[in-house]
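The primary structure of each chain is shown beneath.
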Amino acid sequence: MLTHLQAQDPDIYEAIKREEKRQAFELELIASENYVSEAVLETMGTILTNKYSEGYPGKRYYAGQENIDTIENIAIKRAKEIFGAQHANVQALSGSPANAAVYMAFLKPGDKVLGLSLDHGGHLSHGHPVNFSGVLYNFVRYGVEEDGIIDMDKVREIALKEKPKMIVAGFSAYSRNMEWKRFKEIADEIGAFTFADIAHIAGLIAGGVLDSPVPFFDVVSTTTHKTLRGPRGALILCKEEYAKNVDKAIFPGMQGGPHDHINAAKAVAFKEVMQPEFKDYAAQVVKNAKVLAEELKNYGFSIISGGTDNHLMLLDMNSKNCTGKEAEHALEKAGISCNKNMIPFDPRSPFDPSGIRIGTPAITTRGMKEEEMKTLAKWMNEVCSDVHDEATQKRVAAEVKELCQHYPVPGIKL
Ligand code: DSN
């Protein structure tokens, strides 16, 4: 494997080999990460990367598209079938460009949009002032209440007062079910477009574990590399009446040539999602998250909103007398990766926040189940109870490594 790379560029080869070891022997709790299958990996590494194919199947700007059209049509068909969507655009390069295209398709610069605050679990591309979305559009925000949960009556109040042209429902750090139907009812009261960003939970929706906004929202975006377990990229689903605008916003609006090797890998991942085993995977992701949350609570961790309905949870590290940054660092030393994260109403800064965000998609792909979640919670408690205790970090790292040997990462042969 990688013999040409090894001979030609040992610097990069060796860094990749070290990263293989890191992934194989450490526990990945970053809620947005996952491991793709060997088939998806192989597809990304094919000669499809050599092709330029601006346009859409049957309507390209360059010649030689016969096979690319076949591949893109398969990807589109599978995406529509998985989500029951009227239209799918599979060309978006990643989540933020997909969201930029959605705004471009539905809005004019300066239009008012209602979205969830980043520090209450939203995403940069849902109107944060430093992001293109906050610069180009007039975002107003909803948030969670003191209990960490979105109050839909408050969302309605803000929507009726502000009358946005679009309501964005979606998150990157919110552990509770989204009330898609309520969002739609509120949007209908004021004639607003509905946009769901399901990047984090697309795989759980596809696996039938969570409700889908696709049947009644105007437009839905998702990345393909989180719970959907595909290559890095994104997907936009919409009603037929908006198909032309969405396609035009992606190309020529936002992007040039699609990444055909990635689109092919999306198609391969979509086929995996359509298999019965994927339903089991999605269900196990949520089961694992619930067990992990309960175990952590028993160890005295405070969980925002009190638990989880999906794959992730936000921990308030004040409950362990440390900051999110300290916890992230100590856990990393112990072979457990997570990310520091703001908690709602956080008095601290984004660079040094009070919380960490953890999730179960990646460890579930490795085959870990409830028993391993209990062990993981024990390790997290040991490490976070004294984030300066290097001996404990070292011991836990060795135990993590031992456990990981029994749960291989797809595509890594050591
Ligand atoms: N970076 C992703 C996450 O971690 O949630 C969102 O874009």
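Refer to the preceding data block for the structure.
So, here is what we can say about the structure in this document. Predicted model only: the values in this text are computed from it and were never measured. (Residues numbered from 1 in each chain as written. Predicted model: local features only at pLDDT ≥ 70, side-chain atom pairs only at ≥ 80, totals over all residues. Heavy atoms only, no water.)

**Looking at the site of the ligand**
So, step 1. As a matter of local geometry, the ligand sits amid Ser32, His123, Ser172, His200, Lys226 and Arg357.
So, step 2. The contact in question runs from an oxygen atom of the ligand to an N or O atom on the side chain of His123, over 2.8 Å.
So, step 3. Taken by itself the ligand offers 230 Å² of open surface, and the protein chains cover 62% of this. (Near = heavy atom within 4 Å. Polar contact = N/O pair within 3.5 Å; in protein donor to acceptor, adjacent residues only side chain to side chain. Areas by Shrake-Rupley, 256 points an atom, 1.4 Å probe, with all protein chains shown as cover.)

**Examining the pairing of strand β8 (residues 193–197)**
Residues in a regular strand point their side chains to alternate faces of the sheet.
So, step 1. With four of five residues buried, β8 lies mostly within the body of the structure.
So, step 2. Examined bridge by bridge, strand β7 (residues 166–170) and β8 share five bridges and lie parallel to one another. Bridge pairing in β8 places Val168 opposite Phe195.
So, step 3. Taken together, β7, helix α8 (residues 180–190) and β8 form a β-α-β motif whose crossover is right-handed.
So, step 4. Summarising the sheet, β8 and strand β9 (residues 219–223) pair through three bridges and their orientation is parallel. Bridged to Asp197 within β9 is Ser221. (Buried < 20%, exposed > 50% of the residue type's maximum accessible area, 1.4 Å probe, protein only. Helix = DSSP H or I, 4+ residues; strand = E, 2+ residues; numbered from the N terminus. Pairing = 2+ DSSP bridges. Right-handed = clockwise from strand over helix to strand, strands pointing away.)

**Notes on helix α15 (residues 370–385)**
Side chains that are three or four residues apart share a direction in an α-helix, a result of its 3.6 residues per turn.
So, step 1. With 16 residues, α15 should cover 22 Å at 1.5 Å per step; its first-to-last C-alpha distance of 22 Å lies within 8% of that length.
So, step 2. Inspection of α15 places Glu372, Met373, Leu376, Ala377, Trp379, Met380, Asn381, Val383 and Cys384 among the buried residues, and these make up the whole buried set. (Expected span 1.5 Å × (residues − 1).)

**Considerations on a nonpolar patch on the surface**
So, step 1. Nonpolar side chains collect at one region of the surface, where Met1, Leu2, Ile12 and Ile16 lie side by side and expose about 380 Å² of accessible area between them.
So, step 2. Tracing the backbone through its elements, the reader meets Leu2 in the segment before α1 (3–8).
So, step 3. By relative accessible area, which is 34% here, Leu2 ends up partly exposed. (Patch = residues over 30% accessible without salt bridge, like charges linked within 9 Å, V, L, I, M, F, W, Y side chains within 5 Å. Salt bridge = Lys/Arg side-chain N within 4 Å of Asp/Glu carboxyl O.)

**Considering the pattern of salt bridges**
So, step 1. Using the criterion set out here, one finds 25 salt bridges in the structure.
So, step 2. The closest approach of N and O atoms between Glu371 and Lys374, which form a salt bridge, is 3.4 Å. Linking Glu371 with Lys374, this pair stays in helix α15, spanning three residues, or about one helical turn.
So, step 3. Taken together, the shared-partner salt bridges connect Glu19, Arg22, Glu26 and Glu28 into one network.

**Side note on unusual backbone geometry**
So, step 1. A cis amide bond links Phe251 with the next residue in sequence, Pro252, at an omega value of 10 degrees.
So, step 2. Of note in this structure, Ser305 is not a glycine but carries a positive phi near 75 degrees.
So, step 3. Accessibility expressed as a relative area gives 14% for Ser305, which makes it buried.

**What about the sheet that holds strand β14 (residues 339–341)?**
So, step 1. In space, the four strands of this open sheet follow the order β11-β12-β15-β14, with antiparallel pairing throughout. The open sheet is flanked by β11 (302–303) and β14, the only strands paired with a single partner.
So, step 2. Alignment of β11 against strand β12 (residues 312–316), held across two bridges, turns out to be antiparallel. The residue bridging Ile303 from the neighbouring strand is Leu315, located in β12.
So, step 3. Together, β11, β12 and β15 (355–359) form the strand contacts of helix α12 (residues 276–298), whose direction differs from that of β12 by roughly 15 degrees.
So, step 4. The strands touched by helix α13 (residues 324–333) are β14 and β15; relative to β15, the strand with the most contacts, the crossing angle is about 45 degrees. (Contact = heavy atoms within 4.5 Å. Axes fitted to C-alpha atoms, helices over the stretch in contact; angles between N-to-C directions.)

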